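Fold and geometry: a report
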Amino acid sequence: MQDKSGYNSRLSRRRLMVASAVGAFAFSTAHAQAWPARQIRVIAPYPPGGGVDTVSRAFSEKVSAKLGQTMVVDNQPGAGATIGAAALARSAPDGYTMMVGSLVDYSIAPFFHKNLSFDMARDFVPVLEIGNGTIGVLVTPSLPVKNVQELIALAKKEPGKLSYASSGVGGLIHLNYEMLKQMTGAEMTHVPYKGTSFFQADLYENRVQVSIDNVLAHLPHIASGKVRCLAVTSKTRSPLLPEVPTMAEAGVPGFESATNYTLFVPKGVPADVIAKLDATGNAAVGDADFRARMLKLGIVTTGGPQAEAQAKMVSEIKRWSDVIQKGNIKPS
């Protein structure tokens, strides 16, 4: 004879499980409908007026209009963009705090900043890639090379004779050179400066010969012939320099680099909120006015599903970790 108390206990458990599932679904649906119910904070981990700040404000303006809720940009600069990132990691995972930052910054941060309170892969969810700045292989006009392969051949023929300008040890410009050296064996003498503006004149006047830098600051000088761009490091050609080949077209497949702008939320934000933010963010990125504004800043908008942003984060962490470790690059 069946034990009624046992049967009733199992039935109660099944009813509880069904009720819990229905309740969770109802909560998720209500959450998606309710969000956003109040003002959203967008952390910009750089000072006002720079590229990240400008992208954050333009993007927030478009998304705010589509969500019907105010979005306020909160500049928290310092320590290589890690102060703002730490603030994001500490924030409540409720969809009311997010950040526009760089996958590259947070891929290399653990190697150059001790005792970080956050880890990008552990603490952040990349919602979508807003866009990428165009990076180019730049050479002084008097250098006797017509393409990237000739540059590599010259650097290998006379190791260390060519000098390479960067914005400092461990910065993206320096890491671009290290990646090229590791992939091709092109050996040059690294000359670190405090930033692009500090080495431009030296590059144009042949005191240094090469840099792999964001092209925006160099565009007028590329047009005037003061500096030449042999290739761009994006996956596809840039509308800023449509006649310039990609690195893959130039014979160095797999060499990819960009100044990146990605929208992050803290780990734990409900999936329905991420999905809504992803859809709204992609609509903003696809807006013709937004795309035109970004292109004036040298940024090619991308967008795409959240899964692509997640995969890009994983690949960028591996890319730059490998370059730093193989090159044994240490803080200066």
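The structure we're discussing is the one just above.
Okay, so let's go over this structure. Just so you know, these numbers come straight off a predicted model, no measurement behind them.

**Considerations on the overall build of the chain**
Looking only at helices and strands, the chain features 12 helices and 11 strands. For the chain, the C-alpha atoms occupy an extent of roughly 95 × 45 × 35 Å along the three principal directions. Taking all 332 residues of the chain together, the buried fraction comes to 48%. For the chain, long-range pairs separated by at least 24 residues make up 76% of all intrachain contacts whose partners lie at least 6 apart in sequence. Accessible area for the chain stands at about 15300 Å²; split by element, carbon and sulfur atoms hold 57% of it. The positive charge centre, built from 34 side chains, and the negative charge centre, built from 26, are 5 Å apart in the chain.

**Quick look at the nonpolar core**
The nonpolar side chains of a soluble globular protein tend to be buried, and buried together. Core analysis: the largest hydrophobic core is formed by 48 residues, its most contacted members being Val 148, Leu 151, Met 188, Cys 229, Met 247 and Trp 320. Counting residues per element, this core draws most heavily on helix α7 (residues 172-184), which supplies 6 residues. Among the nonpolar cores identified, the runner-up in size contains 31 residues, and Val 42, Val 55, Ala 58 and Val 285 belong to it.

**Notes on the pairing of strand β3 (residues 97-101)**
Counting buried residues in β3 gives 5 out of 5 residues, a clear majority hidden from the surface. Every second residue of β3 is oriented toward a common face, with Thr 97, Met 99 and Gly 101 on one face and Met 98 and Val 100 on the other, all of them buried. As judged from the 3 bridges shared by strand β1 (residues 40-44) and β3, these two strands associate in the parallel manner. Among the inter-strand pairings, Val 42 is bridged to a residue of β3, identified as Met 98. Relative to strand β10 (residues 259-266), β3 runs antiparallel, the two sharing 3 bridges. The residue bridging Met 99 from the neighbouring strand is Phe 264, located in β10.

**Here's the deal with the sheet that holds strand β2 (residues 71-75)**
With mixed pairing, the 6 strands of this open sheet are ordered in space as β2-β1-β3-β10-β4-β11. In the strand order of this sheet, the two ends are held by β2 and β11 (299-301), each with one partner. In this sheet, adjacent strand axes meet at a mean angle of 30° when their direction is disregarded. Across the sheet, helix α11 (residues 288-296) lies against β4 (124-133) and β11, angled at about 155° from β11, the strand it touches most.

**A few points about the side chain of Glu 178**
One can find Glu 178 in helix α7. Sequence-distant contacts of Glu 178, defined by excluding residues within four places in its chain, comprise Val 323, Gly 327 and Ile 329.

**Let's talk about unusual backbone geometry**
Put simply, Trp 35 and Pro 36 share a cis peptide bond, and its omega is 0°. Within the secondary structure, Pro 36 is located in the loop between α1 (4-34) and β1. In this model, Ala 79 sits at a positive phi of 55°, which is unusual for a non-glycine residue. Inspection of the secondary structure assignment puts Ala 79 in the loop between β2 and α3 (82-90). A residue is classified by how much of its surface remains accessible, and Ala 79, at 41% relative accessible area, is partly exposed. Despite not being glycine, Ala 81 shows a phi value in the positive range, around 70°. Of note, Ala 81 is situated in the loop between β2 and α3. By relative accessible area, which is 1% here, Ala 81 ends up buried.

**Some details on the packing of aromatic side chains**
According to the stated counting rule, one finds 8 aromatic pairs in the structure shown. Pairwise contacts between aromatic rings join Tyr 106, Phe 118, Phe 124 and Phe 264 into one cluster. The ring of Tyr 96 carries Arg 38 above its face, with NZ or CZ at 3.8 Å from the centroid.

**Focus: the environment of Val 100**
As for its position among the elements, Val 100 is in strand β3. The sequence separation of Val 100 and Val 42 amounts to 58 residues, and the corresponding C-alpha distance is 7.1 Å.

**Considering the pattern of salt bridges**
For the structure on display, the rule yields 18 salt bridges. A salt bridge links Glu 187 to Lys 181; the nearest nitrogen and oxygen atoms lie 3.9 Å apart. The partner of Asp 289 in a salt bridge is Arg 293, and the shortest N-O contact between them spans 3.9 Å. Here the residue Asp 289 and the residue Arg 293 both occupy positions in helix α11, the gap between them amounting to 4 residues, near one helical turn. A residue is classified by how much of its surface remains accessible, and Arg 293, at 32% relative accessible area, is partly exposed.

**Thoughts on α11**
Capping the start of α11, Asp 287 holds a side-chain oxygen 3.0 Å from the backbone nitrogen of Asp 289, two or three residues further along. Phi for Gly 298, located one or two positions after α11, is positive at around 80°.

Quick notes on the rules
- Residues numbered from 1 in each chain as written.
- Predicted model: local features only at pLDDT ≥ 70, side-chain atom pairs only at ≥ 80, totals over all residues.
- Heavy atoms only, no water.
- Helix = DSSP H or I, 4+ residues; strand = E, 2+ residues; numbered from the N terminus.
- Buried < 20%, exposed > 50% of the residue type's maximum accessible area, 1.4 Å probe, protein only.
- Contact = heavy atoms within 4.5 Å.
- Areas by Shrake-Rupley, 256 points an atom, 1.4 Å probe, with all protein chains shown as cover.
- Lys, Arg positive; Asp, Glu negative; His and termini not counted.
- Charge placed at Lys NZ, Arg CZ, Asp CG, Glu CD.
- Core = buried A, V, L, I, M, F, W, Y, C linked by side-chain atoms within 4.5 Å.
- Pairing = 2+ DSSP bridges.
- Axes fitted to C-alpha atoms, helices over the stretch in contact; angles between N-to-C directions.
- Phe/Tyr/Trp six-rings, centres within 6.5 Å; stacked < 30°, edge-to-face > 60°.
- Lys NZ or Arg CZ within 6 Å of the ring centre and 35° of its normal.
- Salt bridge = Lys/Arg side-chain N within 4 Å of Asp/Glu carboxyl O.
- Polar contact = N/O pair within 3.5 Å; in protein donor to acceptor, adjacent residues only side chain to side chain.

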